[in-house]
Amino acid sequence: MVKASELANHLGKTVNILGYSICRKTTATKQHELMGFDAWYDADGNYFNSVIFPGEMKQYPTKGTGIYLVQGKVTEEFGVVSIVVQYLERLPCLRDGRFE
């Protein structure tokens, strides 16, 4: 597993990172398919971005906020490092009984 602070060292490589889902902005492609731009926090609280294209978005839909395993290729465009999602899985979490 890598952390957000290490992503720039892995340009062009496929990485696994755990991320807490903050939000997703969706947009339509020229073919009118949905794709998304996601914002995440890693285990250290550092922010990172990901891009999910239509095929992967259909195959791996998000299931609300939570902690996800994000797997993808690290890219850099316009000086911004992000992950192009190849696999996405929401991980199970234990409920905190104090908030029930």
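Structure shown above.
Let me begin by describing the structure that accompanies this report. Not measured: the values here are computed from a predicted model. (Residues numbered from 1 in each chain as written. Predicted model: local features only at pLDDT ≥ 70, side-chain atom pairs only at ≥ 80, totals over all residues. Heavy atoms only, no water.)

## Describing the pattern of salt bridges
Quick reminder of the rule: Salt bridge criterion: a side-chain nitrogen from Lys or Arg within 4 Å of a carboxyl oxygen from Asp or Glu. Runs of H or I in DSSP of at least four residues are treated as helices and runs of E of at least two as strands, each being numbered from the N terminus. Only protein chains enter the area calculation, which uses a 1.4 Å probe; residues under 20% of their type maximum are buried, those over 50% are exposed, and those in between are partly exposed.
Using the criterion set out here, one finds three salt bridges in the structure. A salt bridge links Arg24 to Asp38; the shortest N-O distance between them is 2.6 Å. With a gap of 14 residues between them, Arg24 in strand β1 (residues 14-28) and Asp38 in strand β2 (residues 34-41) connect regions that are remote in the sequence. We classify Asp38 as buried; its relative accessible area is 5%. Close ionic contact of Glu33 with Lys58 constitutes a salt bridge, the shortest N to O distance being 3.2 Å.

## Looking at the packing of aromatic side chains
The geometry of an aromatic ring pair is captured by two quantities: the separation of the ring centres and the angle between the planes. Our working rule: Whether two aromatic rings pair depends on their centres lying within 6.5 Å, for rings of Phe, Tyr and Trp, where Trp uses its six-membered ring; planes under 30 degrees apart make the pair stacked, over 60 edge-to-face, and the rest tilted.
Tallied over the entire structure, the rule returns three aromatic pairs. Relative to Phe48, the ring of Trp40 has its centre 6.1 Å away and its plane inclined at 10°; by these criteria the two rings are stacked. The exposure class of Trp40 is buried, given its relative accessible area of 0%. Members of the aromatic cluster, joined through ring pairs, are Trp40, Phe48 and Tyr68.

## Side note on the nonpolar core
Under the convention used in this document: Only buried residues count toward a nonpolar core, which is a set of Ala, Val, Leu, Ile, Met, Phe, Trp, Tyr and Cys residues joined through side-chain atoms within 4.5 Å.
Residues Leu7, Phe48, Val70, Ile83 and Leu88 are the most contacted members of the largest nonpolar core, which totals 16 residues. Within the residue set of this core, elements represented by two or more residues are β1, β3 (47-52), β4 (67-77) and β5 (80-90).

## With respect to the pairing of β5
Heads up, the condition is: Here, any two strands with at least 2 DSSP bridges between them count as paired.
Pairing geometry for β3 and β5, over three bridges, is parallel. Along β5, the bridge assignment pairs Ser50 with Ile83. Relative to β5, β4 runs antiparallel, the two being bridged by 10 bridges. The residue of β5 that forms the bridge with Gln71 is Tyr87. Taking the residues that link successive antiparallel strands as the turn, the β4-β5 hairpin has two residues, and the phi of Phe78 there is positive, at about 55°.

Function cannot be read off these values alone, since they describe shape.
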